[in-house]
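# Understanding the architecture of this molecule
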Amino acid sequence: MKNLSIYVHIPFCAHKCIYCDFYSITKTADKEKYLESLLREIEFFAEKYSNGRKVISVFFGGGTPSLMETEYILKIISAIKSRFRLEPDAEITIEANPGTLEKEKIQGFLSAGINRLSLGVQSFDDGELEFLTRIHDSKTAEHAVNEAFGYGFKNINIDLIFNLPAQTKSKWKNTLQKAVSLPVSHISAYSLILEKGTTLYKMVTDKKTKISGQEFDADLYETAINFLAENGFDQYEVSNFAKPGSECIHNKSYWNHTEYIGLGTSAHSFADKKRWWNYSSLKSYIEAVKKTGNAVSGFENLTEEQLLQEYVMLSLRSVGINIEELKNKYSGEWFPRNRKILSEYEKGGFISFGSGIIKLTPQGYAVCDEILTRLE
Ligand code: SF4
């Protein structure tokens, strides 16, 4: 039986943050229609992809999924349970904004079967949070983590962003220090990406604010890698760090080519060597599902070569390339073809070759993109 992961996109947000280029909607009047569409999509894809597959993870991402009523989330999980084979120990994650997480929500999510919480904290510095126009301050974020843990969430992730305008190394260290002092088992740390079309992009191009260059960014990244390692968080992907046994199963599905079905606006799916994606706009999505039961707006069939290159890229960025698995799944020629380049990076201390797995070292993660461009 094959493993399958399910992603459920919830596009609603209380407010648009200045750095965000995700498709998100602040008007929440269509929440009920959206729920109906998701339930129809579950029916549609279950017909095709429930046989011979077991669901090992479900991930509610956004947007701000915690804005959805808990009974809606419960209905979605129940529909997945009744139409797919959801494993009893499946990881079920919901992303939440600390500013929308009241006690009732936490309890509701737990009783709906959610066992992993991912909080968009971004920073524990109030000035930085205000600059990012987040709807919460650092105290609220801290309180949300403690409450969620206290009510029973034992698997909590927090997202953090570094290289924010005016961020100093000591401010970043303070945020990291606060993060590890809380009962969290997973931390995702991302460098701020300046996306065209965002308010922040305009502020930077109008010279109203400034983002530090690559060198400082790399310094902050290295600070995070070292600090988190010292505090018991192992790096298992470029941006992801976990206490032993708390690596995100859903993330790992993406990285090891497990099949996944994406539901909701702009969601992507991958199954039967094919990738497809849904309409981004809420209106188009709802209309399409109403007509056909799905909202697929485009697809591509992946060739063996594309699958191989994607497998190499995703594995190297995360758990490492298992040479035997690569040989069995895709090609026995890739390793001999790249042996010379890999040996160079091994000598330089950027990758290791332990037990048949080619893995990045902490220095290697910092130059991952460069290594990938050299591999053939
Ligand atoms: S809460 Fe998240 S998804 Fe919503 S606008 Fe802010 S960054 Fe974007």
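What you see is a predicted model, and the numbers here were worked out from it, not measured in a lab.

## Description of the site of the ligand
Taken together, Cys13, His15, Lys16, Cys17, Tyr19, Cys20, Phe22, Ser24, Gly63, Thr64 and Arg134 form the complete shell of residues around the ligand. Partitioned by chemical class, the residues of the shell around the ligand number five nonpolar, four polar and two charged.

## Re the domain arrangement of the protein chain
Under the domain assignment used here, the protein chain contains domain 1 (2–255) and domain 2 (304–374). Inter-centroid distance (C-alpha atoms) of domain 1 to domain 2 is 28 Å. Each side of the interface is counted separately: domain 1 has nine residues, and domain 2 has 10 residues. Buried surface at the junction of domain 1 and domain 2, summed over both partners, amounts to about 790 Å²; 63% is from carbon and sulfur atoms.

## With respect to the nonpolar core
Membership of the largest hydrophobic core comes to 95 residues, with the highest contact counts inside it found for Val8, Leu119, Ile158 and Trp334. The greatest single-element share of this core, amounting to seven residues, is contributed by helix 1 (residues 31–49). Composition of this core by domain shows at least three residues from each of domain 1 (2–255) and domain 2 (304–374). Those residues within four positions of leucine 119 in sequence are excluded, and the remaining contacts are Ala96, Pro98, Leu101, Ala144, Val145, Ile156, Asn157, Ile158 and Asp159. Core analysis: the next-biggest nonpolar cluster, separate from the first, contains nine residues, Tyr19, Cys20, Leu132 and Leu200 among them.

## Digging into the packing of helix 3 (residues 103–111) against helix 5 (residues 138–151)
Contact pair helix 3 / helix 5: the axes reach a minimum separation of 10 Å and the direction vectors enclose 40°. Considered as vectors, helix 3 and helix 5 are oriented oblique to each other. The interaxial crossing formed by helix 3 with helix 5 has right-handed handedness. For the pair helix 3 and helix 5, contact is made by Lys103, Ile106, Gln107 and Leu110 and by Glu147, Ala148 and Tyr151, respectively. Of the residues contributing to the contact of helix 3 with helix 5, the split by class is four nonpolar, one polar and two charged.

## Topic: the pairing of strand 6 (residues 186–191)
Of the strand pairs in this sheet, strand 5 (residues 156–162) and strand 6 are connected by six bridges, and their pairing is parallel. Residue pairing for strand 6: asparagine 157 is matched across the bridge by histidine 186. Between the parallel elements strand 5 and strand 6, the chain passes through helix 6 (residues 169–181) in a crossover that is right-handed. Taken together, the three bridges between strand 6 and strand 8 (residues 240–242) define a ladder with antiparallel strand orientation. Bridged to serine 188 within strand 8 is asparagine 240.

## Observations regarding the packing of aromatic side chains
One pair of aromatic rings is described through two measures. These are the centre distance and the angle between the planes. Inspection of the entire model under this criterion finds 15 aromatic pairs. For the ring pair tyrosine 345 and phenylalanine 350, a centre distance of 6.0 Å and an interplane angle of 80° mean the geometry is edge-to-face. Relative accessible area serves as the criterion here: at 5%, tyrosine 345 is assigned to the buried category. We classify phenylalanine 350 as partly exposed; its relative accessible area is 26%. Connected via pairs of aromatic rings, a cluster forms that spans Phe44, Phe45, Tyr49 and Trp276. Here lysine 154 stacks its cationic end above the ring of phenylalanine 149, 4.0 Å away from the centre of that ring. Over the ring of phenylalanine 299 we find lysine 274; its NZ or CZ atom is 4.8 Å from the centre of that ring.

## Remarks on the sheet that holds strand 15 (residues 357–360)
Taken in spatial order, the three strands of this open sheet run 13-15-14, and their pairing is antiparallel. Sheet topology places strand 13 (321–322) and strand 14 (351–352) at the edges, where each strand pairs with a single neighbour. When strand 13 meets strand 15, the two strands line up antiparallel, connected through two bridges. Counted as the bridge partner of isoleucine 321 is isoleucine 358 from strand 15.

About the criteria used
Residues numbered from 1 in each chain as written. Predicted model: local features only at pLDDT ≥ 70, side-chain atom pairs only at ≥ 80, totals over all residues. Heavy atoms only, no water. Near = heavy atom within 4 Å. Nonpolar A, V, L, I, M, F, W, Y, C, P; charged D, E, K, R; others polar. Domains from an automatic or database assignment. Contact = heavy atoms within 4.5 Å. Buried area = accessible area lost by both parts, 1.4 Å probe. Core = buried A, V, L, I, M, F, W, Y, C linked by side-chain atoms within 4.5 Å. Buried < 20%, exposed > 50% of the residue type's maximum accessible area, 1.4 Å probe, protein only. Helix = DSSP H or I, 4+ residues; strand = E, 2+ residues; numbered from the N terminus. Axes fitted to C-alpha atoms, helices over the stretch in contact; angles between N-to-C directions. Parallel < 35°, antiparallel > 145°, perpendicular 65-115°, else oblique. Left-handed = near helix turned anticlockwise from the far one by under 90°. Pairing = 2+ DSSP bridges. Right-handed = clockwise from strand over helix to strand, strands pointing away. Phe/Tyr/Trp six-rings, centres within 6.5 Å; stacked < 30°, edge-to-face > 60°. Lys NZ or Arg CZ within 6 Å of the ring centre and 35° of its normal.

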